[in-house]
Amino acid sequence: MSEEIKFRYLLDSAVLVCCGDHKLLVDGIVSDRQKFDLMDQETEDRLISRKPPFDGLEYLLFTHCHADHYSRSKTLKFLERNRDVRLFLPVNGGISERLTGFLGSWMFPVSGAEGEVLSYRFDDMLIEYMKIDHLTFDYPEHYCINIVTESESMAFTADMDFNRMELLKKFTKRKRSTIFINHLDMLHRKWRNALKELDYDRIFFYHLPSEEADGFGYRDRALRNWTKYKEFFSNAYLLTYENRHR
């Protein structure tokens, strides 16, 4: 296995991860009914058909079931075409074990207490799930994800409550470590300091909408905060819709 976990940023919180011989998609099947960016039709068709860059995709992982992270109907469509894919989905995702069993898929319904680390081992790769509250309002099943190899770890935090960042120390961390975190973390000093104290080698701020899709007015504020605080995070990068597919 290669020591480096590679990734391809798609949109919103969607990231395609190449981990040696494994290929995983995190929060990568999104609904058309939401106020963030939509996946373009060509990319979506390639995803459903598992054509490059989605060829060899083995794992679908979802942090939670909001429309900008997950689409039940499109996920079912994908599973109908790809019956050998392992699905990690919070228990409120609306896809039953019986149904996915009928489709021939490998179903991992995710359910745990806050701060509990759920571990799934696949050969030389470990997938960890941990329940952490949603930032903006009470949402019952929001999880952070950690992908771990012998030498590297990569965490995806989606819309986590930054006041609970201490919980991320429970994740397995390797010599080379990366974290993907919502750009809203830059808003407050205590959040910025908490992130820096986690001491990740690389920080990727994500979930920043394009100008056309910015239904909540996040973009200008996020870009201002990035200009103001990027020197505070010398190892950080801002992922945008415009610089996706890096």
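First, a word on scope: everything that follows refers to the structure included in this document. (Residues numbered from 1 in each chain as written. Predicted model: local features only at pLDDT ≥ 70, side-chain atom pairs only at ≥ 80, totals over all residues. Heavy atoms only, no water.)

## Examining the overall build of the protein chain
In terms of helices and strands, the protein chain carries 5 helices and 13 strands. Against the globule reference of 18 Å for 246 residues, the protein chain gives a C-alpha radius of gyration of 17 Å, in line with a compact fold. Dimensions along the principal axes, computed over C-alpha positions, put the protein chain at roughly 50 × 40 × 35 Å. Taking contacts inside the protein chain between residues at least 6 apart in sequence as the whole, the part at least 24 apart equals 60%. Looking at the protein chain, you have 36 positive and 40 negative side-chain charges, and the mean spots of the two groups are 1 Å apart. (Helix = DSSP H or I, 4+ residues; strand = E, 2+ residues; numbered from the N terminus. Rg over C-alpha atoms; globule rule 2.2 N^0.38 Å. Contact = heavy atoms within 4.5 Å. Lys, Arg positive; Asp, Glu negative; His and termini not counted. Charge placed at Lys NZ, Arg CZ, Asp CG, Glu CD.)

## Observations concerning the layout of surface pockets
Considering only enclosed or pocket space, the largest pocket measures out at about 270 Å³ in volume. Counted by class, the lining of the largest pocket contains 6 nonpolar, 7 polar and 3 charged residues. (1 Å grid on protein atoms, 1.4 Å probe; cavity = no way out; pocket = protein on both sides within 12 Å on 5 of 7 lines; lining within 4 Å. Points joined across faces, edges and corners; volume = space filled by probe spheres on them. Nonpolar A, V, L, I, M, F, W, Y, C, P; charged D, E, K, R; others polar.)

## Comments concerning the pairing of strand E1 (residues 5-11)
Of all 7 residues in E1, 5 are buried, a share of seventy percent or more. With 6 bridges connecting them, E1 and strand E2 (residues 14-19) associate as antiparallel partners. Bridging across to E2, Phe-7 finds its partner in Val-17. Taken together, E1 and the strand that follows it, E2, pair antiparallel across an intervening segment of 2 residues, in which Asp-12 is found at a positive phi of about 50°. (Buried < 20%, exposed > 50% of the residue type's maximum accessible area, 1.4 Å probe, protein only. Pairing = 2+ DSSP bridges.)

## A word on the pattern of salt bridges
Tallying each qualifying case throughout the model produces 12 salt bridges. Across the pair Arg-164 and Glu-114 runs a salt bridge whose closest N-O atoms are separated by 3.0 Å. Pair noted here: Arg-164 is in the loop between strand E10 (152-156) and strand E11 (176-182) and Glu-114 is in the loop between strand E6 (106-110) and strand E7 (117-122), with a separation of 50 residues, a long-range link. A relative accessible area of 34% places Arg-164 in the partly exposed class. Several salt bridges converge on common partners, so that one network encompasses Glu-4, Glu-152, Arg-176 and Arg-202. (Salt bridge = Lys/Arg side-chain N within 4 Å of Asp/Glu carboxyl O.)

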